[in-house]
Structures are given as C-alpha cells and as structure tokens.
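Secondary and tertiary structure notes
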Amino acid sequence: MAAFFANVTTQRAMVGPLLQAHVTHELVQLLGQGKSPDRRKILVGTLKAVENLAFNDGGNAIAIELSATKRIADAVGSTLAYFWEDVTRTGAGALLALAGSEDGKKQIHAYAVPLLARLVQFDIPQNGIAAGALRRSSSASGEDGEGGGAGGGGGGEQYDEDEFGAARSTKNNAASAIRVAAEYPPALEQVCVCVCVCV
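Treat the numbers as computed from the prediction; the structure is a model and nothing was measured.

**Overview of the packing of helix H3 (residues 23–30) against helix H4 (residues 39–54)**
Where H3 contacts H4, the axes come no closer than 9 Å and their chain directions differ by 145°. Crossing geometry of H3 relative to H4 is assigned as left-handed. Between H3 and H4, the residues in contact are Thr 24, Leu 27 and Leu 30 and Arg 39, Ile 42, Thr 46, Ala 49, Val 50 and Leu 53, respectively. Residues belonging to the contact of H3 with H4 are distributed by class as follows: 6 nonpolar, 2 polar and 1 charged.

**Here we look at the nonpolar core**
Counting 44 residues, the largest nonpolar core has Leu 27, Leu 47, Ile 72, Ile 108 and Leu 116 as the members making the most contacts within it. Discounting residues that sit within four places of it in the chain, Ile 72 has contacts with Leu 31, Leu 47, Val 50, Gly 77, Gly 91, Ala 94, Leu 95 and Leu 98.

**Notes on the side chain of Asn 52**
As for its placement among the helices and strands, Asn 52 is situated in helix H4. Side-chain polar atoms of Asn 52 contact the backbone oxygen of Ala 6, separated by 3.3 Å. Leaving out residues up to four positions away in the same chain, Asn 52 has contacts with Ala 6, Thr 9 and Thr 10.

**A closer look at the packing of aromatic side chains**
Enumeration over the complete set of coordinates arrives at 2 aromatic pairs. Taking 5.2 Å as the distance between ring centres and 70° as the angle between the ring planes, the aromatic pair formed by Phe 4 and Phe 5 counts as edge-to-face. With a relative accessible area of 51%, Phe 4 lands in the exposed category.

About the cut-offs
Residues numbered from 1 in each chain as written. Predicted model: local features only at pLDDT ≥ 70, side-chain atom pairs only at ≥ 80, totals over all residues. Heavy atoms only, no water. Axes fitted to C-alpha atoms, helices over the stretch in contact; angles between N-to-C directions. Helix = DSSP H or I, 4+ residues; strand = E, 2+ residues; numbered from the N terminus. Left-handed = near helix turned anticlockwise from the far one by under 90°. Contact = heavy atoms within 4.5 Å. Nonpolar A, V, L, I, M, F, W, Y, C, P; charged D, E, K, R; others polar. Core = buried A, V, L, I, M, F, W, Y, C linked by side-chain atoms within 4.5 Å. Buried < 20%, exposed > 50% of the residue type's maximum accessible area, 1.4 Å probe, protein only. Polar contact = N/O pair within 3.5 Å; in protein donor to acceptor, adjacent residues only side chain to side chain. Phe/Tyr/Trp six-rings, centres within 6.5 Å; stacked < 30°, edge-to-face > 60°.

Have a look at this one:
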C-alpha cells in the first residue's frame, strides 16, 4: 500500500483527490508501525508519499496538523542503527517538503533539528562494514555470506555507487531541510547548537 501511494502521489492530478480522501492521515499512521517484517519498505513508501503530498500547500497543512514532522523524526531516528540509507534519504526529503511552510519550520525546530544534524553527517564509509554485514547476513548466498571482505579488503562488495549516491542524497536533503528551517530564527539557533555538539 505504501509503495502504491508513493507512486500515485507523483501525479499532480491525484494529489487533490488523495487529500480529500484523508490519505495523509493513513500515511502518518503507517509511520508508527513498529515491528513489521516489511518495516523498511513501508517506511520508504510512506515517507515518499508524505513528501509528495507535503509539497502541496494543502497537503503540507494537513501533514503539519497531524504532527507528521515528529512522526517522521521518530520513525527515521529509530532506524539509524540499521543503516537504511533509503529510509534516511526519504525521511530527510519528507522533512524538506514539510519545511516549506512556516508551521513546518516551527515543527522541524521542535522535533527534527537534532536528527537532521546527524543526517548531514551520514556517511557510508563509516557505516559500510555494518551495512555490508547486514546485507550479507540477510542474503542466502553461499560461503561469502560472512567474514570475507568485512575487514576492508573487498571495498567493491561493501559499497556500490547506489549506496554512495544514497548517502549524498541523504546529506543533501538534510542540509536543504536545515537551510529552509533555519529561516525560522529559533531553528537557526538550534541548528548551530546541534552542529557544534555533533562535530
């Protein structure tokens, strides 16, 4: 369902009917789904759909009213240990879309600046060993499933160009969200504090 809405919300003609059908409410509820085995796919589709809807003024207002910023920050923050680059990228993108309104900037100040400050520093090479280990442990491949290349010898197997691109996109989305949110003066002060703490 989340993937369907991620696709259909890219069509401008569908945004109005989807907002009238209260789809945003259902999507925000999906962000709180905890232990689903498909959590990663659900989050990526849901975050992308919320992002698409939030670029619309009406969709942005509805998402803000539903505290989507807090829900997104909680959902993405709870997955950082898994190195799900697609989740961090789409989460930062959704926060960027929400930052397009004054109320969105205020909610980002209230709930999401610390997360965005971390995402700006999100780096695949630092996380690559764990990410590679997670990928290998979840695959059903033969003898290379564990151990080989984890020490840094098989760099080509650990990170591919898509992962580097995902990390760059995460950083770019997070930096853009911070830049836009910083137009709200209290958020700017908080960004300065968070960046100093993170560095």
